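Descriptive analysis of the structure
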Amino acid sequence: MTTIPKEYENQRVGVNGYRVLNLDLDGVCADYAGAMRDWLVAHGLMDPDVVPSCDEYNLVANDGWPFAGRDDYLAAHKAAESDHLYATMKQIPGVSHALRRLADEHVYIRIVTHRLFVSGQHRMVVSDTAQWLDEQHIPYMSLCFAGLKDSIQATVHIDDSPANIRALRGVGQHVVVFDQPYNRGLGGPRMTGWDDTNVDRLLKWFDHWPETKKE
């Protein structure tokens, strides 16, 4: 039986588990921006030779995207959703192997994603998300759709959104930044991918959280 450190006794999950991971999807496990670009190109709404920038988390704020504003983006996003965007996007390289490693180490993987932000298609979004997770062979024990992520505690969170990271850290949660161009102004700890080296570091952080500077 796994020896559970005293500080994690209140996070015991099942017989052996105690490392609770709240895991974001888009920009961490799934390539949302790449999937949106592919959909726009396929529907003649974007030049296939254009590679948009990704210096800002909000797609509308980046150069190269064919959006006149937020409403224009939301209309395109909703149309892409109806074409099963969430069931067909590419995974971030290595994520399925990495998460199987974590599951083998008794990490309780809870998917926490804010995908229900456009009304009218929630049933499709939930179904397509579960289908994608199964087809990508990603292990998980819970699937939560939540915008207010700071209300769901975990041992460690992994997220790419600067707003989510700041909110979670603001309530004392341990957050690993999944490296993207738009979050490089934030302090670590940071994962630069899903290779074995990054997973090894993550497993160490579950038991020994590194000293970090306050932002």
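Quick summary incoming for the structure in this document. This is a predicted model, so every value here is computed, not measured.

Attention now moves to the overall build of the protein. A count of helices and strands for the protein gives seven helices and six strands. When the helices and strands of the protein are read in sequence order from the N terminus, they spell out β-α-α-α-α-β-α-β-β-α-β-β-α. A total of 215 residues make up the protein; the buried ones form 46% of that total. In the protein, the share of contacts with a sequence separation of at least 24, taken over all contacts with a separation of at least 6, comes to 62%. Roughly 11000 Å² of accessible area belongs to the protein as shown, and the carbon and sulfur atoms make up 50% of that amount.

It is worth spelling out the environment of Trp 132 at this point. Note that Trp 132 resides in helix H5 (residues 122-135). Judged by its relative accessible area of 1%, Trp 132 falls in the buried class. Distance in space between the C-alpha atoms of Trp 132 and Ala 87 is 4.8 Å, their sequence separation being 45 residues. In contact with Trp 132, not counting residues within four places along its chain, are Leu 25, Cys 29, Ala 30, Tyr 86, Ala 87, Thr 88, Met 89, Lys 90, Gln 91 and Ile 138.

Per the counting criterion, the structure on display carries four aromatic pairs. Ring centres 6.0 Å apart and planes at 5 degrees place the aromatic pair Trp 65 and Phe 67 in the stacked group. Note on Phe 67: relative accessible area 11%, which makes it buried. Ring centres of Phe 67 and Tyr 73 lie 5.4 Å apart, and the angle between their planes is 75 degrees; on these two criteria the pair is classed as edge-to-face. Owing to a relative accessible area of 11%, Tyr 73 belongs among the buried residues under this scheme. Among the aromatic residues, ring-to-ring pairing joins Trp 65, Phe 67 and Tyr 73 into one connected group.

Spanning twelve residues, helix H7 (residues 196-207) covers 18 Å between terminal C-alpha atoms, matching the ideal 16 Å at 1.5 Å per step. Among the residues of H7, Asn 198, Val 199, Leu 202, Leu 203, Trp 205 and Phe 206 are the ones counted as buried. Around the axis of H7, the buried residues are gathered within 160 degrees of arc, so they sit on the same side. Every exposed residue of H7 that faces more than 90 degrees away from the buried side is listed here: Thr 197 and Lys 204. Buried residues along H7 sit in contact with strand S1 (19-23), helix H4 (95-104), strand S2 (107-113), strand S4 (156-159), strand S5 (175-178) and strand S6 (190-191). For H7, the side-chain oxygen to backbone nitrogen distance between the N-cap and Thr 197 is 3.1 Å, and the N-cap itself is Asp 195.

Cut-offs applied
- Residues numbered from 1 in each chain as written.
- Predicted model: local features only at pLDDT ≥ 70, side-chain atom pairs only at ≥ 80, totals over all residues.
- Heavy atoms only, no water.
- Helix = DSSP H or I, 4+ residues; strand = E, 2+ residues; numbered from the N terminus.
- Buried < 20%, exposed > 50% of the residue type's maximum accessible area, 1.4 Å probe, protein only.
- Contact = heavy atoms within 4.5 Å.
- Areas by Shrake-Rupley, 256 points an atom, 1.4 Å probe, with all protein chains shown as cover.
- Phe/Tyr/Trp six-rings, centres within 6.5 Å; stacked < 30°, edge-to-face > 60°.
- Expected span 1.5 Å × (residues − 1).
- Arc of directions from axis to C-beta.
- Polar contact = N/O pair within 3.5 Å; in protein donor to acceptor, adjacent residues only side chain to side chain.

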